Every structure is written in structure tokens, then in C-alpha cells.
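# What the coordinates show
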Amino acid sequence: IRCIKPNSDKSSDRFTQSSVLTQLRYTGVLETTRIRRDGFALRLPFRTFLDRYGTLGLQAHERLTYPGLNPEELRTICKRICRRWGLAGALFGKNIVFLKYYHGDKLLRLLELQRAATITIQKHVRRFLAKSQLKRLRQEEQDRRRREEEERRQRQLEAELAAARLAAEEAEKIRVKEEEARRAAQMATLRAKKKLEEEQRAAEQQRVAAIERAEAARLAAEATERKLLEEAERRRNEEAARAAAAEQARIEREEEMRKKLDAMMNATQSPSSAGPAGSVRSTLAFDTLKRRSVTDMMSGQAFLELLQDEELDDDEKMVLREKAKLRLLEDAKHRSQLRAANAKNQMEEQRQRMLDLQLIAEAEQRAREERDRQLALDEEAAKARLATMSFGSFSFGGSS
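The rules we used
- Residues numbered from 1 in each chain as written.
- Predicted model: local features only at pLDDT ≥ 70, side-chain atom pairs only at ≥ 80, totals over all residues.
- Heavy atoms only, no water.
- Core = buried A, V, L, I, M, F, W, Y, C linked by side-chain atoms within 4.5 Å.
- Buried < 20%, exposed > 50% of the residue type's maximum accessible area, 1.4 Å probe, protein only.
- Helix = DSSP H or I, 4+ residues; strand = E, 2+ residues; numbered from the N terminus.
- Phe/Tyr/Trp six-rings, centres within 6.5 Å; stacked < 30°, edge-to-face > 60°.
- Lys NZ or Arg CZ within 6 Å of the ring centre and 35° of its normal.
- Salt bridge = Lys/Arg side-chain N within 4 Å of Asp/Glu carboxyl O.
- Pairing = 2+ DSSP bridges.
- Patch = residues over 30% accessible without salt bridge, like charges linked within 9 Å, V, L, I, M, F, W, Y side chains within 5 Å.
- Areas by Shrake-Rupley, 256 points an atom, 1.4 Å probe, with all protein chains shown as cover.

Our focus in this paragraph is the nonpolar core. Counting residues in each nonpolar core, the largest one holds 20 residues, and the members touching the most others are Phe49, Leu50 and Leu107. When residues of this core are traced back to their parent elements, those giving at least two are α3 (46-53), α5 (71-84), β3 (96-99) and α6 (101-196). A total of five residues in this core trace back to one element, the largest contributor, which is α5.

This next bit is on the packing of aromatic side chains. Enumeration over the complete set of coordinates arrives at one aromatic pair. On the basis of an interplanar angle of 55 degrees and a centroid distance of 5.4 Å, the ring pair of phenylalanine 49 and tyrosine 53 is categorised as tilted. Of this pair, phenylalanine 49 and tyrosine 53 are both found in helix α3, four residues apart, which corresponds to roughly one turn of the helix. Given a relative accessible area of 6%, tyrosine 53 falls into the buried group. Here the guanidinium or amino end of arginine 25 rests over the ring plane of tyrosine 26, the centre of that ring lying 5.2 Å away.

On to unusual backbone geometry, then. It is generally the case that most residues other than glycine have a negative phi and that most peptide bonds are trans. Although it is not a glycine, lysine 10 adopts a positive phi angle of roughly 60 degrees. Tracing the sequence through the fold places lysine 10 in the segment before α1 (17-26). A relative accessible area of 65% means that lysine 10 is categorised as exposed. Positive phi outside glycine occurs at aspartate 13, with the angle close to 60 degrees. Along the chain, aspartate 13 turns up in the segment before α1. Residue aspartate 13 is classed as exposed on the basis of its relative accessible area, which comes to 83%.

Our next topic: the pattern of salt bridges. Applying the stated rule across the entire model yields 14 salt bridges. Of the charged contacts in the structure, one is a salt bridge between glutamate 141 and arginine 144, with a shortest N-O distance of 2.3 Å. Highlighted residues: glutamate 141 and arginine 144, both in helix α6, separated by three residues, approximately one helical turn. Here glutamate 141 falls in the buried class, since its relative accessible area comes to 13%. Here arginine 351 and glutamate 348 are joined by a salt bridge, their closest N and O atoms 2.5 Å apart. Here arginine 351 and its partner glutamate 348 are both found in helix α9 (residues 314-388), three residues apart, which amounts to about one turn of the helix. Using a relative accessible area of 42% as the deciding quantity, one classes arginine 351 as partly exposed. Glutamate 348 sits in the partly exposed class, given a relative accessible area of 39%.

Looking now at the sheet that holds β3. With antiparallel pairing, the three strands of this open sheet are ordered in space as β1-β3-β2. Two strands lie at the open edges of the sheet, namely β1 (42-45) and β2 (91-92), each paired on one side alone. Bridge count between β1 and β3: four bridges; the pairing is antiparallel. Its bridge partner lying in β3, proline 45 is registered against isoleucine 96.

On the surface, a nonpolar cluster with roughly 390 Å² of combined accessible area is contributed by Ile121, Val125, Phe128 and Leu129. Assignment of secondary structure puts leucine 129 in helix α6.

And the structure:
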């Protein structure tokens, strides 16, 4: 453990870079860092190595079974992953994998490529599922409209048949009444003829009275017939007006429901995107987004099953669709926030990593310059001391 003072005064919130760099150099921290980097910078236990990089060389069933393997079998699996990706120079101990620093960078790049490929596959699968669901909904809507149209035509045909039957019955009643009146008139005429011989005057009056009664009955029958015909015509007109109004309202409701369903499906088809993995926080955000996507798919299926419930009326189904639309909007907003936070974290970590590398390079450059300057000063001082020294009559390689 090395204690480094941020400044010579030991005051808070003040950092003296030259003093800290000198302490790091004289305590050997920079040299230890260089030696560590030139050696094996990454030393991971077998299980940690497989937990982190197992997806690069293990199948799904192997990832489920490797936690129960012994160290020798874990070592064999680690060697297989390193050979597959050409990690030359990696060594394997009894329980630890020794890797160079550039091995870790290569494995990280491979994980990022694998994650990008996984996101692409998920995007296409979700697109296929959304298209299938939209196609099924459209087909169901077409079938529903066709059934409603057939039912409407059937009801219209039944109404026409009922009106025709009613008119036929009324006409039959009128005909029966006319026939009865005609028969009554004939009977009266016969009775009058029989009584004509006895009382011609009375018979004549009776015949006139019978004719008047027949005429009144005919006029009443005609008036009744006209009234019935007018009533039937008025009923047919009212039925046609009600049918037209109901059809117009149904068309408006269907158009509104179609627009809402299209809007809901357009919100569900929004593609997801995420940046490359750089930290534990970005990985957790990705897992959260993936779980919410699966939950949304399950909720969409449950919503379709609920809409197919025959006990719900149109208003309740419309309310459910509105709630589903609001929920989809909220989930899309939440996913967008997660993606933005994930991208921001990755950019911040990349920038911090670049700053750290830049600081290390600058410190090493200043150390080399300082060392060269010190060597030059030592050489000049040695030359000056030699120039001031006097050897008398002694000569190198000769005799006095």
C-alpha cells in the first residue's frame, strides 16, 4: 500500500500534479504498472472467465451445466475459448487464466460484436411478430365487417318479408270483409225480391237502403284500405331511415376503432436500439429493456384475448383500447429513456477511459524527458570534474 499526498501542504480540494507524479515515480508505482502491463494484466478464475466470456465459445446447454464441472474440465473449456479466438500467449494455471492486457480488449470487442448481432436478430424477430399480429388483426377486422354486413342484409330481408306478410294479411282481411258485405247485399236483395210482391214500396225502400248500406260499407272498406296502405308505407319509411342511421353510426364507430388500432400497432412497431456494452450499468439497462419487451408481448396477447370476450360491449372495448394505447406510449417512453441513459453511460465511460490513457501517456513522456535531462546533467557534471582534476607528470600508458 502506497500513500500519496495530493499536495505538500496537505490541504483539501487541491491537487498538485507534479508532486503526485514524483511520488508515484519514486515509490515505484509507475514501474510496477508497466511491469504488470507487460506481464499478465488480467488474471481471472476459471468460473469468472466463463461467466464473463462464456457466450463466445459455449452453447446454451453448456452454459447451464458448466457451474457443476471440476477445475480440470473448466480449464479445458477456457483453453477451447482462447484457441478459438486466437489468444496467443494466454496461460492457464490450476484455477486461474492469465491474459495479456490486449487479450481483454479483443474479448471485449468480440462481446460487443456479439451483442450487436443479438440486437439485430431480436429486431428482425420483433418486426416479424409485429407484422404477423397486424395481419391477424386486419383479417379479424375484415371477418367481423363481413359478418356484420351479412347480418345487416339478413335483418333487412327479414324486415321486408315481415312487411310483405303484414300487407298480405291486411289485404286478405279487406277481401274477406268485402266478400261478406257482398254476400250480405245479395241476401238483402233476395229478401227484397221476395217481399216485392207483398209490399213493392216497402221492398223498394229496403232495396235503396241496402244499396246505401253497401255503398257505405264499400267507402269504409276503401278508407280502411287506404289507411292501412299509408300506415304500411310510413312504417317502411321509418324502418329504412332507422337502418340508414344505424349503418352510418356503425361505419363511424368502425372507422374510429380502425384508426385507434392502426395507431396502437404503429407504436408497437417502433424499433429498439442500444449502444455497445461498456459497463455493468449498461448491461442492467439492456436486461431491463429486454424483460419489458417480453412483458409487452405477453400483455398484447392478453389484451387480444380480453378484446375477444363476447360479454364486453363496444364502449368497454373502446376504453380498453385507449388504456392499452396509453400503456404502449408509456412503455415506449420508458424504453427510450433507458436507451438514452445507456448511451450516455457508455459515452461517459469511453471518455473517462480515453482521459485515463492520455494521462498515463503524458506521465510516461514526462518521466522519459526528466530521465534524459538528468542523465545529460550528470554527464556534463562528470566532464567538468575531469577537466578540473590535475594528474601532475603522470601520463596514461607512458613513462615519466
